[in-house]
Amino acid sequence: MAEFQATMGGLLQTTEHLQALNATLKTRLAGASEQISRLQERLDRVQLDNMIDSVTGVGNRRLLETCLPRMIAKAEQSGEPLSLLLIDLDSFKEFNDRHGHVIGDDILRLAASALKQNSRQDDLVCRYGGDEFVVLLPRTSLEGAVLAGNKVRSAISARELRKRSTNESLGRLSVSIGAAQHKTGELAEALIDRADQWMYLAKEAGRGSAEEPSPAGDAPRQKRSIRSPRLVWQPAYECGEVLIDRQHRQMFDLVNELFPLPVAEDRDRRIMATIDKLMAHIAEHFRYEESVLQARGYAGTEEHRMIHAQLLGEARRLRQSLADGQDVLDDFRLFLCRTTVVEHMLGTDREFFSLFGR
């Protein structure tokens, strides 16, 4: 009996010791967990600080490169649309060179503030680099991105720039905007590149214009809604040959018909009809232009004919892809605007203007 009591007493002491040790370990574990949590919070703050642009207070490129692939994956999983705006500040370098980097930083902060104030809570605003910003728009179609871009453009252009020290007016800031909606299977870099191409066209076409996604030939600083972007003919585009100039101008009008983004039930039929009419016009124009150049003895006629054949071949390929149900309308419109109009008609064609005294 004494031996049993001694054994029980030892077990009780061991149990009490283990309970005390367990309580100590729990206290230490709780303290360690708290320390780890605090350390993680500090690490998260450091990481967040590394992803915030120090000048504007919006996300930086690192944050964009971290979040965009995740948002793409989420959009593909949910089936919801994801769009992107690429915003470039017009004439920023001139502002910087003329007024200094302090004014330049103020301009960047003004633009960032306007972007944040005109974005939704779930939108992500990042400084992409230099004078470029990106806005990621979850659950937003291309049409919605166009409206968002127009809102941003109006908000930025409405703010008058003033020099703090003297209150001197520095004018108003304008922006060029490219909009793009993510396509299934498209990588982040490709999405940004498409928006960048539309932004480039906006800038080429005229400062202060915002594009969905098309160029415009408005005069610099002319205010224009992003809802109905248009190619606008300018006398400077004329070569001096009456019918060539008339055909070029008609091409502007036909290309414009592809950009209102119709939402009626016969949308696809109307788009295809417009494309067929445009391609027929382009083919007829190319034939006439080649005949005029040959009659004038233009040395580059054969090379020009080959370029025409390549352009028509690519247009027909895209048209067939569209007819087969592929999502290439955006690519087709970019091809027509950038390659056919900006690069060829307003670029390569200018090489023969001298034939007509231009």
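As shown above, the structure is provided for reference.
No experiment lies behind these values; they were computed from the predicted model shown.

K.L.:
How would you summarise the nonpolar core if you had to cite specific residues and measurements?
P.N.:
Among the nonpolar cores identified, the biggest contains 32 residues, and Ile275, Leu278, Leu322 and Phe332 are the most heavily contacted of them. Looking at this core, the elements with two or more residues in it are helix H6 (188-205), helix H7 (242-256), helix H8 (267-295), helix H9 (301-323) and helix H10 (329-345). If we skip the residues at most four places from it in the chain, Phe332 touches Ile275, Met279, Ala315, Leu318, Arg319 and Leu322. By size, the runner-up hydrophobic cluster in this structure holds 28 residues, among which are Val58, Phe95, Leu108 and Leu110.

K.L.:
An account of the sheet that holds strand E3 (residues 132-138) is needed here, citing residue identities and associated values.
P.N.:
Sheet strands line up and pair through hydrogen bonds in the backbone, either parallel or antiparallel. Here four strands make up an open sheet; going across it, the order is E2-E3-E1-E6 and the pairing antiparallel. Bordering the open sheet on either side are strand E2 (124-129) and strand E6 (175-181), each of which pairs with just one other strand. Each strand axis lies, on average, 20° off the axis of its neighbour in the sheet, ignoring direction. Pairing between strand E1 (residues 82-89) and E6: seven bridges, direction antiparallel. Paired with Leu89 across the two strands is Val175, which belongs to E6. Set on the sheet, helix H5 (residues 142-157) makes contact with E1, E3 and E6; between it and E6 the angle comes to about 165°.

K.L.:
A description of unusual backbone geometry should follow, citing residues and the corresponding values.
P.N.:
We note that Arg139 has phi near 55°; this positive angle belongs to a residue other than glycine. Note on placement: Arg139 falls in the loop between E3 and H5.

K.L.:
Tell me what's going on with H10, and back it up with residues and numbers.
P.N.:
Along an α-helix, residues three or four apart share an orientation, since each turn contains 3.6 residues. Spanning 17 residues, H10 covers only 21 Å between terminal C-alpha atoms, well under the ideal 24 Å at 1.5 Å per step. At Phe335, H10 is deflected by roughly 25°, the largest bend along its length. Here H10 lies mainly inside the structure; 14 of its 17 residues are buried.

K.L.:
Describe helix H2 (residues 61-78), listing the residues and the values that go with them.
P.N.:
The end-to-end C-alpha separation of H2 is 25 Å, in line with the 26 Å expected for 18 residues at 1.5 Å each. Among all positions in H2, only Leu63, Leu64, Cys67, Leu68, Met71, Ile72 and Ala75 are buried. At the N-terminal end of H2, a side-chain oxygen is found 3.1 Å from the backbone nitrogen of Arg62, two or three residues along, and the residue is Asn60.

K.L.:
Explain the side chain of His304 to me, and be specific about the residues and the numbers.
P.N.:
Summarising the element assignment, His304 is placed in helix H9. Of the polar contacts made by the side chain of His304, one reaches the side chain of Asp349; its length is 2.9 Å. When sequence neighbours within four positions are dropped, the list of residues in contact with His304 reads Glu289, Leu293, His344, Thr348, Asp349 and Phe352.

K.L.:
Before we move on, could you go through the packing of aromatic side chains and cite the residues and values that matter?
P.N.:
Given two aromatic rings, their pairing is described by the distance between the two centres and the angle made by the two planes. Enumeration over the complete set of coordinates arrives at four aromatic pairs. Ring plane angle 45° and centroid distance 5.8 Å describe the contact between Tyr237 and Phe252, whose orientation is recorded as tilted. Of this pair, Tyr237 sits in the loop between H6 and H7 while Phe252 sits in helix H7, and the two are 15 residues apart along the sequence. Overall, Tyr237 belongs to the buried group, its relative accessible area being 17%. Consider the rings of Phe352 and Phe353, whose centres lie 5.8 Å apart with planes at 55°: the pair is tilted. An aromatic cluster is present here, built from Tyr298, Phe352, Phe353 and Phe356 joined pairwise through their rings. The ring of Tyr128 has Arg61 lying over it, and the distance from NZ or CZ to the ring centre is 4.3 Å.

K.L.:
Can you break down the state of the cysteines residue by residue, with the values?
P.N.:
The full count for this structure, using the stated rule, is zero disulfides. Not engaged in a disulfide, the cysteine Cys67 finds its nearest cysteine sulfur in Cys126; these two sulfurs lie 6.7 Å apart. Note on Cys126: relative accessible area 0%, which makes it buried.

K.L.:
Tell me about the pattern of salt bridges, and please be specific about residues and values.
P.N.:
Following the criterion strictly, the structure yields 11 salt bridges and no others. Between Asp53 and Arg127 there is a salt bridge, and its shortest N-O distance comes to 3.3 Å. With Asp53 in the loop between helix H1 (2-49) and H2 and Arg127 in strand E2, the pair connects residues that are 74 residues apart, well separated along the chain. A relative accessible area of 11% places Asp53 in the buried class. The partner of Asp122 in a salt bridge is Arg139, with the nearest N and O atoms 3.0 Å apart. Within this pair, whereas Asp122 is found in the loop between helix H4 (101-117) and E2, its partner Arg139 is found in the loop between E3 and H5, the two being separated by 17 residues in sequence. Each of the salt bridges in this network shares a partner with another, and the network as a whole consists of Glu290, Glu302 and Arg305.

Each value, and the rule that gives it
Residues numbered from 1 in each chain as written. Predicted model: local features only at pLDDT ≥ 70, side-chain atom pairs only at ≥ 80, totals over all residues. Heavy atoms only, no water. Core = buried A, V, L, I, M, F, W, Y, C linked by side-chain atoms within 4.5 Å. Buried < 20%, exposed > 50% of the residue type's maximum accessible area, 1.4 Å probe, protein only. Helix = DSSP H or I, 4+ residues; strand = E, 2+ residues; numbered from the N terminus. Contact = heavy atoms within 4.5 Å. Pairing = 2+ DSSP bridges. Axes fitted to C-alpha atoms, helices over the stretch in contact; angles between N-to-C directions. Expected span 1.5 Å × (residues − 1). Bend = angle between axes of the 7 residues up to and from the residue. Polar contact = N/O pair within 3.5 Å; in protein donor to acceptor, adjacent residues only side chain to side chain. Phe/Tyr/Trp six-rings, centres within 6.5 Å; stacked < 30°, edge-to-face > 60°. Lys NZ or Arg CZ within 6 Å of the ring centre and 35° of its normal. Disulfide = S-S within 2.5 Å. Salt bridge = Lys/Arg side-chain N within 4 Å of Asp/Glu carboxyl O.

This is a description of form; function is not addressed.
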